[in-house]
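# Architecture at a glance
Spelled out from the first residue to the last, the chains are:
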Amino acid sequence: METFLLQNGITAALVLGGLAIITAIILAVKVRAAGTGTDLMREIAAAVEEGAKAYLSRQIKTISAIALVLLVLIAYFKGMPTAVGFLIGATCSLLAGFIGMRVAVISNIRTAQAATIGAQPALRIAFNGGAVTGLLVVGLALLSVGGFYLGADAYFGEPTHKKALDAIVGLALGSSLISVFARLGGGIYTKAADVGADLVGKIEQNLDEDDPRNPATIADNVGDNVGDCAGMAADVFETYAVSLIGSVLVAALLPNIADTTPYIIFPFMLCGLAVIASVLGIVFINVGNLKPTNALLTGVALSAIIAGLLFLPLSWTMFPDSWVSVYVPTLVGLAMTFITVLITNYYTATQYAPVRKIAKASQTGHATNIIAGLAVGLHATLFPVFFIGLSIVVSYSFHGLYGVAIAVVSMLSLSGIIISLDAFGPITDNAGGLAVMAKLPKEVRRITDELDAIGNTMKAVTKGYAIASAGLAALVLFTSYVNELQVHRLLADADAVRINFTLEDPTILIGLFIGGMLPFLFVAYTMDAVGKAAGAVVLEVRRQLAAKPGILLGTDKPEYGTCVDIVTKAALVEMIFPALLPLLAVLLVAAVPALCGHYFPGLGLTAEKGATALGGVLVGTITTGLFVGISLTSSGGAWDNAKKFIEEGNYGGKGSPAHAAAVTGDTVGDPYKDTSGPAINPMIKVVNVLAILIIPLFF
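Residue positions are counted from 1 within each chain, in the order its sequence is given. Reporting of local features is limited, given that this is a predicted model, to residues whose pLDDT is at least 70; pairs of side-chain atoms are given and counted only at 80 or more, and all residues count toward the totals for whole chains, interfaces and linings. Just so you know, side-chain values use all the structure's heavy atoms and leave hydrogens and water out.

## Regarding the overall build of the protein
- A tally of regular secondary structure across the protein gives 21 helices and 0 strands.
- For 699 residues, the compact-globule estimate of 2.2 N^0.38 gives 27 Å, and the C-alpha radius of gyration of the protein, at 24 Å, lies within 12% of that figure.
- We call a residue buried when its accessible area falls under 20% of the maximum for its residue type, exposed when it is over 50%, and partly exposed in between, using a 1.4 Å probe and counting protein chains only. Relative to its 699 residues, the protein shows a buried fraction of 64%.
- Shrake-Rupley sampling with a 1.4 Å probe provides the accessible areas, and residues are treated as covered by the protein chains on show and by no other component. Just so you have it, the protein exposes about 23900 Å², and 68% of that area is on carbon and sulfur atoms.
- Residues scored as charged are limited to Lys and Arg (positive) and Asp and Glu (negative), so that His and the chain ends carry no count. For this purpose, a charge sits on NZ of Lys, CZ of Arg, CG of Asp or CD of Glu. Distance from the positive charge centre (40 side chains) to the negative charge centre (46 side chains) of the protein: 5 Å. Going along the chain from the N terminus, every DSSP run of H or I of four or more residues is numbered as a helix, and every run of E of two or more is numbered as a strand. Here the radius of gyration uses the C-alpha set of atoms, whereas the globule reference equals 2.2 Å times the residue count to the power 0.38.

Spelled out as structure tokens, the structure:
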């Protein structure tokens, strides 16, 4: 069996990746066969689908133009194999986003119709729609990374696999960069529309959410698909692919290992076996009859247990003499998955103290709501960081950095079911919007609101999961940068001295400051973008309501397309600079010391100093990015559910002063949790992957 896995392990993992895609197709057929409701529901759903398609096609054209320029530069400086990897990563990331959008628009209307029957049918349709996205993205990531690695390795035919590994870094960069664009563009779109719709509709006109008289309603619903679904799918593809690539890079550079082949194959097999665990968890949620939250969390727990059982025979088969040293880190990763889910669920679910604290604070005004929400987000950083540190210590003690890499892969191996939870959120949100606009009974909206509140928590849970895994993965990538740098220097000069990254070196501290600043600057630009676009939506909605008073009376029809056009243009323009910011920062830190050393030799700057400073940038970005990302996503999820808790009739219910304060908190939290916070995850990876890629160019 060991010989079979050594010879065919990656191929076996690709077959299991194919299983994920086949299961997703079966679920998609099942979802598509469900009822689509009334003619009015179909008309509204068609308008949302049309807007989502139009935005996504324009976004793809914009991103593709930028990617084409980068493709040419990579081909020139790094060679065609790396450029092909970049192209595959970028294409698959875009494809993942498109799949996420298409699945969502198919599922939204069917979830709304299922809610007319009951909560359980609606839960299953929404979850299965999310599962289609989760399994397709995982299958796509596994097939692209594994397939490209096998192809590149066969092409170069090197026993050390060095050239194949160099080329696969291009795939990591392509997926990460496109993910940043998709997260930012979709996030700016969805939150600009959402904030604009809420500020005028809810606060100024006292309209219900998704009231068809609100001119920004269609744009808001389109945003759920292009931001929360398309952006999320691209993000997950990137996280999964880059973490798998990072583990392979670490495996290939393991010291004192004569044959690294089993260490390279092992992460692929973990991901493949986890597909089986995810599929069984998805089946459990479909056949079980638990309450929604219990069903979803139990499904995740069951998948983790099954994965842990499957990883045991794999470990002792591939590493008969040291299986404990690789098996324990897999358990650490699975444990981190569930710990992250539980922690984020506590800080963002309506039944726990943090959300209720924000709701209670809303009674005394808008400012106290904001203060309480900010405090919840800051508190929410404690336990994730504690457990991330603990997981690093335990994993490292068993198998060094490779143990940490395996823990990251194990944690992300369950992405198939975890992302099913994430996509569940926007699907139920859109289903609720359809229920209101199609004038379905209030009982239907009550069901969709309940599922939407759970969905908000699940979205926050999966964002916390992605950011926590990004912190671990970035640590692995940083060490890969250090090792790759040393290998490159030794190849250029056999007597080269290893660069020591010590805090006594002021260059490292400068790099740490620059890297620590990057997530804050990144968030600043993204928040500005949402604020400007949302302001334009507010002005447009006010203009329409003033010009056509009949809109509020139901005798005039709003111009939905105008708001859609405003947020589309804003998102496409505003996403470009913050998405390119991490690229520019890495290139400048790498290039400036060498240039200054050439023209101003008295400063003592060299290319080696640039390499040292860049190492500091990587650590600084990882550290502050982790805290900022967790804080933003937790605050945003808690604010949203505090609003929903009040809308259930608590503290005065809808229309009360507490509700108005909660809406303000929710509008602040929207870009926190759906634009800036999630986009930090791929941004951290872009910085680290690009640093590895440019080593031969600058150092």
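## Structural notes on helix H5 (residues 162-204)
- Helix span, as expected, comes to 1.5 Å for every residue beyond the first. Between its first and last C-alpha, H5 extends 62 Å over 43 residues, near the 63 Å set by a 1.5 Å rise per residue.
- One fitted axis covers the seven residues ending at a residue, a second covers the seven starting there, and the bend at that residue is the angle between these axes. Of all the bends found along H5, the most pronounced is centred on aspartate 198 and spans about 25°.
- Most of H5 sits out of view: 37 of its 43 residues are buried.
- A positive phi of about 55° marks asparagine 206, the residue just after H5.

## Brief notes about the packing of helix H6 (residues 217-252) against helix H12 (residues 382-412)
- The axes are straight lines fitted to the C-alpha atoms, using for helices just the contacting stretch, and the angles between their N-to-C directions are given from 0 to 180°. Where H6 contacts H12, the axes come no closer than 9 Å and their chain directions differ by 155°. One finds that H6 runs roughly antiparallel with respect to H12. Remark: the crossing between H6 and H12 carries left-handed chirality. Note on element contacts: H12 touches H6 through Leu401, Tyr402, Ala405, Val408, Val409 and Leu412, opposite Thr239, Tyr240, Ser243, Leu244, Ser247, Val250 and Ala251.
- Residues were grouped as follows: Ala, Val, Leu, Ile, Met, Phe, Trp, Tyr, Cys and Pro as nonpolar; Asp, Glu, Lys and Arg as charged; and all remaining residues, including Gly, as polar. Taken together, the residues that form the contact of H6 with H12 break down as 10 nonpolar, 3 polar and no charged. Roughly parallel refers to an angle under 35 degrees, roughly antiparallel to one over 145, roughly perpendicular to one between 65 and 115, and oblique to any angle outside these ranges. Two helices that cross are described as forming a left-handed crossing if the nearer one is turned anticlockwise from the farther one by less than a right angle, and a right-handed crossing if clockwise. We call two residues contacting when some pair of their heavy atoms lies within 4.5 Å.

## Overview of a nonpolar patch on the surface
- On the surface, Met517, Leu521, Tyr525, Phe577, Leu584, Leu588 and Val592 cluster together to form a nonpolar patch covering roughly 570 Å² of accessible area.
- Broken down by element, the nonpolar patch gets its largest block of residues, 4 residues, from helix H18 (residues 576-599).
- With respect to the secondary-structure elements, tyrosine 525 resides in helix H15 (residues 506-547). Within this analysis, patches are made of residues with over 30% relative accessible area and no salt bridge. Like charges are joined at 9 Å or less; nonpolar side chains (Val, Leu, Ile, Met, Phe, Trp, Tyr) at 5 Å or less. What makes a salt bridge here is a side-chain nitrogen of Lys or Arg within 4 Å of a carboxyl oxygen of Asp or Glu, nothing more.

## Describing the nonpolar core
- Here, the term nonpolar core denotes a set of buried Ala, Val, Leu, Ile, Met, Phe, Trp, Tyr and Cys residues that are joined through side-chain atoms within 4.5 Å. Tyr481 and Leu614 are the most contacted members of the largest nonpolar core, which has 238 residues in total.
- In contact with tyrosine 481, not counting residues within four places along its chain, are Phe501, Ala611, Leu614, Gly615, Leu618, Ala691, Ile692, Ile695 and Phe699.

## A short note on the pattern of salt bridges
- A complete count under the given rule lists 27 salt bridges for this structure.
- One salt bridge connects arginine 183 with aspartate 235, and the closest N-O pair in it is separated by 3.0 Å. In this pair, arginine 183 is assigned in helix H5 and aspartate 235 in helix H6, connecting sequence segments 52 residues apart.
- Arginine 183 gets classed as buried once you look at its relative accessible area, which sits at 3%.
- A relative accessible area of 3% means that aspartate 235 is categorised as buried.
- Arginine 446 is the partner of glutamate 450 in a salt bridge, and the nearest nitrogen-oxygen pair spans 3.9 Å. With glutamate 450 and arginine 446 both in helix H14 (residues 442-492) and 4 residues apart, the pair spans about one turn of that helix.
- Here the salt bridges share partners, and the residues they tie into one network are Lys191, Asp194, Asp640, Lys643, Lys644, Asp666, Asp670, Lys673 and Asp674.

## Structural notes on the state of the cysteines
- In plain terms, two cysteine sulfur atoms within 2.5 Å form what is called a disulfide here. Applying the stated criterion across every chain yields a total of 0 disulfides.
- Free of any disulfide, cysteine 271 has its nearest cysteine sulfur in cysteine 92, 15 Å distant.

## A few points about unusual backbone geometry
- Positive phi is not limited to glycine here, since asparagine 206 has a value of about 55°.
- Position of asparagine 206 relative to the elements: it lies in the loop between H5 and H6.
- Judged by its relative accessible area of 56%, asparagine 206 falls in the exposed class.
- Here lysine 439, not a glycine, exhibits a phi torsion of approximately 60°, which is positive.
- Within the fold, lysine 439 resides in the loop between helix H13 (415-437) and H14.
- You can call lysine 439 exposed: its relative accessible area is 66%.

## Some words on the packing of helix H2 (residues 39-78) against H6
- Here H2 crosses H6 at 55°, and the two axes come no closer than 9 Å. The orientation of H2 with respect to H6, classified from their angle, is oblique. Between H2 and H6 lies a crossing whose hand is right-handed. Contacts between H2 and H6 involve Ile44, Ala47, Val48, Gly51, Ala52, Tyr55 and Leu56 from the first element and Ile218, Asn221, Val222, Asn225, Val226 and Ala230 from the second.
- Here the contact of H2 with H6 is built from residues that sort into 10 nonpolar, 3 polar and no charged.

## Here we look at the packing of aromatic side chains
- Stacked, tilted and edge-to-face pairs are distinguished by plane angle, under 30 degrees for stacked and over 60 for edge-to-face with tilted covering the rest, among Phe, Tyr and Trp rings (Trp via its six-membered ring) whose centres lie within 6.5 Å. Tallied over the full model, the rule gives 17 aromatic pairs.
- Ring centres 5.0 Å apart and planes at 75° place the aromatic pair tyrosine 155 and phenylalanine 156 in the edge-to-face group.
- The class for tyrosine 155 is exposed, based on a relative accessible area of 64%.

## A look at H2
- For H2, with 40 residues, the first-to-last C-alpha span of 55 Å sits near the 58 Å given by 1.5 Å per residue.
- After H2 finishes, the residue glycine 79 shows a positive phi value of roughly 100°.

## Remarks on the side chain of threonine 317
- The residue threonine 317 is located in helix H8 (residues 292-318) in this model.
- Residues adjacent in sequence count toward polar contacts only when both atoms are side-chain atoms; beyond that, a polar contact is any pair of N or O atoms within 3.5 Å, and within protein one must be able to donate a hydrogen and the other to accept it. Among the polar contacts listed, one links the side chain of threonine 317 to the backbone oxygen of proline 313, at a separation of 2.6 Å.

## Overview of the environment of leucine 618
- Mapping leucine 618 onto the fold places it in helix H19 (residues 607-647).
- As a C-alpha pair, leucine 618 and isoleucine 576 span 42 residues in sequence and 22 Å in three-dimensional space.
- Excluding residues within four positions of it along the chain, leucine 618 makes contact with Phe478, Tyr481, Val687, Asn688 and Ala691.

## Describing the environment of leucine 693
- Along the chain, leucine 693 turns up in helix H20 (residues 657-693).
- Classification of leucine 693 by relative accessible area gives buried; the value is 5%.
- Taking the C-alpha atoms as reference points, leucine 693 and isoleucine 168, 525 residues apart in sequence, are found 9.9 Å from one another.

## Observations concerning the side chain of serine 410
- The topology assignment puts serine 410 in helix H12.
- Each residue touching serine 410, except ones within four places of it in the same chain, is listed here: Phe311, Thr330, Gly333 and Leu334.

## A short note on the environment of arginine 183
- Spatially, the C-alpha atom of arginine 183 lies 6.6 Å from that of glycine 227, the residues being 44 residues apart in sequence.
- Arginine 183 has contacts with Gly227, Gly231, Met232, Asp235, Lys463, Pro678 and Ala679, leaving out every residue within four places of it along the chain.

The analysis is restricted to geometry; functional conclusions fall outside its scope.
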